Amino acid sequence: MPSDNEQIAEIFDEIADLLEIEGDNPFRIRAYRTAARNLRALNKDVRRMREAGEDLTDFPGIGKDLAAKIEEILDTGRCRALEKLRRKVPPDLGELLRLPGIGPKRVHALYHELDIQNLEQLQRAARDGEIRELSGFGPKTEARLLEAVEKHRDSERRFKLAEAARYAEPLQAWLEGGKNIEQVVIAGSYRRAKETVGDLDILVIARDGRQAIQHFTHYEDVDTVVSSGSTRATVILSNGLQVDLRVVPKVSYGAALHYFTGSKAHNIAVRRIAQKKGWKINEYGLYEGDKRIAGETEASLFKQLGLAYIEPELRENRGEIEAAREDKLPKLIKLTDLRGDLHCHTRASDGQGSLRAMAEAARDRGLDYLAITEHSKHLAVAHGLDSDRLLKQVDAIAELNDILDGITLLSGIEVDILEDGSLDLPDEVLDRLDLVIGAVHSQFNLSRKQQTERILRAMDSPHFTLLAHPSGRLIDKREPYAVDMERIIHQAAQRGCYLELNANPDRLDLLDSHCRLAKEEGVLVSINSDAHSPAAFEHLRFGIGQARRGWLEKDDVLNTRSLTALRKLLKQTRQ
Ligand code: DGT
Ligand code: CA
Ligand code: CA
C-alpha cells in the first residue's frame with residue numbers, strides 16, 4: 001500500500017477515535033472510518049492521483065471536507081483538526097478503546113464519571129470495585145475489563161535495553177550462522193539504544209527468504225511463532241520478547257534499515273524533506289518518479305537528501321535533521337574513548353569483589369584508572385563505611401597502587417546527602433580522598449523545592465565532586481524525584497562540579513535530555529559503571545548509548561581525560 005495513503009488513513013482513524021470519545025455525531029465518525037478503510041484498499045497513491053489532476057471527491061466516501069483534509073496532509077504533513085482534538089482529549093484515552101469489550105460509549109462514561117484517563121487508572125478502578133457501580137457496567141463487565149487490561153499491559157511490557165541485549169545478541173549470532181544469510185542487523189529502538197525496547201526489529205539480507213525465515217523460526221529460544229511467510233516473520237521468545245524479522249533485498253537494504261530504525265518521528269520528518277524535493281521515500285528506497293535514486297546504504301540516502309550521516313541514537317526528531325543539514329552534528333562519544341571509571345563498590349560495602357579483583361577487571365577492559373567509592377554509614381543496609389573504615393581503605397588503596405600494574409586506583413566515597421543537604425562524613429575525612437560523589441538515597445518524596453535546595457546545598461560543600469544518579473529514577477520501578485534539574489545543572493556550572501551518568505541498566509541516569517542541557521551549560525558528565533562486581537564494568541556500554549542519545553562528545557565527558565588531566569580537574573573542584 002502506498003505510504004501516503006497509510007499516513008492519511010492513520011490520521012483519519014485517530015480523528016474517528018477521538019470524536020467517538022467526545023460523543024460526537026455518529027455519521028461524522030463513520031465518514032472518517034470509511035474514508036480510512038477506502039484509502040487502505042486503494043492501490044493507487046493519492047498524491048499521484050492528485051498531481052495527475054484527479055478530483056479527490058470522486059472517490060467513494062470522500063466529500064469536500066475530507067478532500068480538503070487530504071490535501072492539507074499531503075501539502076503540510078499535518079492535520080489541524082486532529083491537532084485540535086488531541087489538545088482536547090487526554091492522550092491515553094484512545095488506548096482504552098482498543099481493549100476488547102469496551103466501546104466509545106463506555107470510554108466516555110469511564111472518563112466523565114470516574115475520571116479514568118489511561119489503562120493504569122482503569123486497572124486500579126477495576127481492582128477497587130468502582131467500575132461495577134457505573135450504570136451499564138456491573139461486576140461481570142468489571143471482571144472482564146480487568147482481565148483485558150492486565151493482558152494488554154503484559155503485551156505492552158517493555159524490556160530494559162540490557163535485558164533485550166542478553167536475548168538479542170545470541171539470536172543475532174544464530175542468524176548470522178544461517179545458510180545463505182549475508183547480513184543481520186537489529187534495527188528499531190534497540191539500534192537507537194533506547195533505555196527500554198518494546199520489541200526487536202531485525203533485518204536480514206539473504207539469498208533465499210523462505211530458508212532464512214525457517215532458520216529464524218527454528219531458533220531454540222522461540223516460544224511462539226506468531227506469523228511466518230516468505231519475507232517476514234514474527235515470533236515471541238521464551239522471556240516474552242517479540243521479534244519481527246524481515247528479509248530485504250540488497251538494493252533496498254539502506255532504505256529498509258533507515259525505515260525500521262526509526263524513530264517514527266524522525267522518519268516522518270525525513271519523508272517531508274523528500275516530499276519537498278518532489279521525491280518519494282519508503283522502505284524500498286528513495287524515488288524520483290519510478291527511478292530509485294538512493295537506498296542501497298543509509299549513507300547514500302542521507303547524502304541524496306542533502307544531510308550528513310545521522311547516527312541512530314540521534315534519530316528522534318529532536319534537532320538532528322537541522323543539524324545534519326548544516327553539517328553541525330556532534331561527533332558522538334565511543335566506548336573506547338573512556339579512560340577510567342569513577343564509581344564502583346567492593347565487598348567493603350555492598351559489592352561482590354575485592355579491591356584487587358575490581359582493579360584488574362577494570363584494567364582488562366582497557367581502563368587506566370578506577371575510583372573506589374563505597375557507600376557511607378548512613379546507608380546501613382549497604383554496610384556503608386564510617387570514618388575509620390574509610391580511612392583504612394584509603395591506606396589499603398595506597399598500598400595496592402604500589403604493586404598494581406596497568407591501572408591506578410583513586411580513593412573516593414559515594415556519600416549520602418542527608419535530608420538537610422549536609423554530607424554523611426566529616427570534612428576532614430573527605431579531605432583525604434581524591435573525589436567525593438554525593439548521592440540521594442533517602443527522602444525521595446520531598447517537595448521539588450526542598451529536594452532542589454537539599455542537592456544545591458550539598459554541592460556547596462568544598463569537597464563535592466560529582467552528583468550520583470541525578471534523577472534517582474529506577475527504570476520501571478521508581479519515577480525520578482521532583483527536582484529542578486535545570487537549576488542543579490546551572491549551579492554545577494557555576495560551582496565547578498560534575499554530574500554522573502550512571503550506566504547501570506536499571507538507572508541510565510542522567511537522562512538524555514539532561515545530558516544535552518549539561519553539555520550546553522559546559523558541565524562535564526562522568527559515565528560511571530557503579531559496578532558492584534568485576535563483571536559489571538560491562539554496564540559502561542549502556543552508559544555510552546545513553547550519552548550518545550544525549551548528544552555527548554568525547555570532550556563533554558570527564559572520564560575521557562588522561563589520569564594527569566583528571567587529577568588537575570579534581571583539584572580544581574576543591575574549594
Ligand atoms: P519500540 O519497539 O516500541 O521500542 O520502538 P521502535 O522504534 O522499535 O518501534 P517499532 O518496533 O514499532 O517500529 C520499528 C520502526 O519502524 C520505527 O522505529 C519506525 C518504523 N515505523 C513503524 N511504524 C511506522 C509508521 O507508522 N510510520 C513510519 N514513518 N515509520 C514507522
Ligand atoms: Ca521495536
Ligand atoms: Ca516492531
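Look up a bit, the structure's there.
These numbers come from a predicted model, not from an experiment.

Participant: Lay out the packing of aromatic side chains in plain terms, naming residues and giving numbers.
Facilitator: Summed over the entire model, instances satisfying the criterion amount to five aromatic pairs. Its end group placed over the ring of phenylalanine 137, arginine 106 keeps NZ or CZ at 5.1 Å from the ring centre. Here the basic side chain of arginine 157 rests over the ring of phenylalanine 159, its NZ or CZ set 4.3 Å away from the ring centre.

Participant: Which residues make up the packing of helix α1 (residues 3-22) against helix α2 (residues 26-41), and what values go with them?
Facilitator: In the contact formed by α1 and α2, the axes pass within 8 Å of each other and the chain directions differ by 160°. Classed by the angle they form, the pair α1 and α2 counts as roughly antiparallel. Between α1 and α2 the crossing geometry is left-handed. Facing α1, whose interface residues are Asn5, Glu6, Ile8, Ala9, Glu10, Phe12, Asp13, Ile15, Ala16, Asp17, Leu19 and Glu20, α2 presents Arg28, Ile29, Tyr32, Arg33, Ala35, Ala36, Leu39 and Arg40.

Participant: Before we move on, could you go through the sheet that holds strand β2 (residues 181-186) and cite the residues and values that matter?
Facilitator: Taken in spatial order, the five strands line up as β2-β4-β7-β6-β5 in an open sheet, and their pairing is mixed. Strand pairing shows two members of the sheet lacking a second neighbour, β2 and β5 (222-228), which therefore form its edges. Shown here is a sheet whose adjacent strand axes are inclined to one another by a mean of 20°, direction ignored. The pairing of β2 with strand β4 (residues 199-206) spans five bridges and is antiparallel. Within β4, the residue paired with glutamine 183 across the bridge is isoleucine 205. The sheet strands contacting helix α10 (residues 161-176) are β2, β4, β6 (232-237) and β7 (242-247), and the helix crosses β2 at an angle near 165°. Along the sheet, helix α13 (residues 253-261) makes contact with β2, β4 and β7, crossing β4 at roughly 180°.

Participant: Lay out the pattern of salt bridges in plain terms, naming residues and giving numbers.
Facilitator: With the rule as written, the count across this model stands at 49 salt bridges. Among the salt bridges present, the one from glutamate 169 reaches arginine 541, with a minimum N-O distance of 2.7 Å. With glutamate 169 in helix α10 and arginine 541 in helix α23 (residues 540-549), the pair connects residues that are 372 residues apart, well separated along the chain. When its relative accessible area of 37% is taken as the criterion, glutamate 169 is described as partly exposed. A relative accessible area of 29% means that arginine 541 is categorised as partly exposed. Salt bridges here are not isolated pairs; linked through shared partners, they connect Glu6, Asp13, Asp17, Glu20, Arg33 and Arg40.

Participant: Could you give an account of the coordination of the calcium ion (ligand 2), naming the residues involved and the relevant values?
Facilitator: Every protein donor of the calcium ion (ligand 2) is listed here as Asp199 (O), Asp199 (OD) and Asp201 (OD), and their distances to the metal cover 2.2 to 2.7 Å. Classification of the site at the calcium ion (ligand 2) rests on its six donor atoms, whose angles at the metal span 68 to 165°, yielding the label irregular. The distance between the calcium ion (ligand 2) and the calcium ion (ligand 3) comes to 3.8 Å, and aspartate 199 binds to both of them. The same class applies to aspartate 199 and to aspartate 201, which are both buried.

Participant: Can you tell me about the layout of surface pockets, naming the residues and giving the values?
Facilitator: The computed volume of the largest pocket comes to approximately 1,600 Å³. Residue lining of the largest pocket: 46 residues in total, with Glu10, Tyr259, Lys264, Ile268 and Arg271 positioned closest to the centre. Sort the elements by how many residues they give to the lining of the largest pocket and α1 lands first, with eight residues. Here the residues of the lining of the largest pocket sort into 12 nonpolar, 13 polar and 21 charged. The wall of the second largest pocket is formed by 12 residues, among which Glu95, Leu119, Glu120, Arg153 and Glu156 lie closest to the centre. Those elements that place two or more of their residues in the lining of the second largest pocket are α8 (119-127) and α9 (138-155). Counting residues per element, the lining of the second largest pocket draws most heavily on α9, which supplies three residues.

Participant: Any chance you could break down the nonpolar core for me, citing the residues and the numbers?
Facilitator: The biggest cluster of nonpolar side chains holds 58 residues, and the ones touching the most others in it are Leu338, Leu370, Leu409, Ile413, Ile455, Ile488 and Ile527. Tallying contributions element by element places helix α17 (residues 355-364) first for this core, with five residues. Setting aside chain neighbours within four positions, we find isoleucine 488 in contact with Thr452, Ile455, Leu456, Met459, Leu467 and Val483.

Participant: For empty space enclosed by the protein, give the residues involved together with the corresponding values.
Facilitator: This structure, assessed with the given rule, holds one cavity of 30 Å³ or more. The calculated volume of the largest cavity comes to roughly 40 Å³. Residue lining of the largest cavity: Gln7, Gly77, Ile268, Arg271, Arg272 and Gln275, and that is the complete set. By residue number, the principal contributor to the lining of the largest cavity is helix α14 (residues 264-276), which donates four residues. A class-by-class count of the residues in the lining of the largest cavity yields one nonpolar, three polar and two charged.

What counts and what doesn't
Residues numbered from 1 in each chain as written. Chains lettered and ligands numbered in written order. Predicted model: local features only at pLDDT ≥ 70, side-chain atom pairs only at ≥ 80, totals over all residues. Heavy atoms only, no water. Phe/Tyr/Trp six-rings, centres within 6.5 Å; stacked < 30°, edge-to-face > 60°. Lys NZ or Arg CZ within 6 Å of the ring centre and 35° of its normal. Axes fitted to C-alpha atoms, helices over the stretch in contact; angles between N-to-C directions. Helix = DSSP H or I, 4+ residues; strand = E, 2+ residues; numbered from the N terminus. Parallel < 35°, antiparallel > 145°, perpendicular 65-115°, else oblique. Left-handed = near helix turned anticlockwise from the far one by under 90°. Contact = heavy atoms within 4.5 Å. Pairing = 2+ DSSP bridges. Salt bridge = Lys/Arg side-chain N within 4 Å of Asp/Glu carboxyl O. Buried < 20%, exposed > 50% of the residue type's maximum accessible area, 1.4 Å probe, protein only. Donors = N, O, S within 2.8 Å, 3.2 Å for Na, K, Ca; no water. Tetrahedral: all angles 85-135°; square planar, octahedral: opposite > 155°, others 65-115°. 1 Å grid on protein atoms, 1.4 Å probe; cavity = no way out; pocket = protein on both sides within 12 Å on 5 of 7 lines; lining within 4 Å. Points joined across faces, edges and corners; volume = space filled by probe spheres on them. Nonpolar A, V, L, I, M, F, W, Y, C, P; charged D, E, K, R; others polar. Core = buried A, V, L, I, M, F, W, Y, C linked by side-chain atoms within 4.5 Å.

Everything listed here is a matter of coordinates, which is why it stays silent on function.
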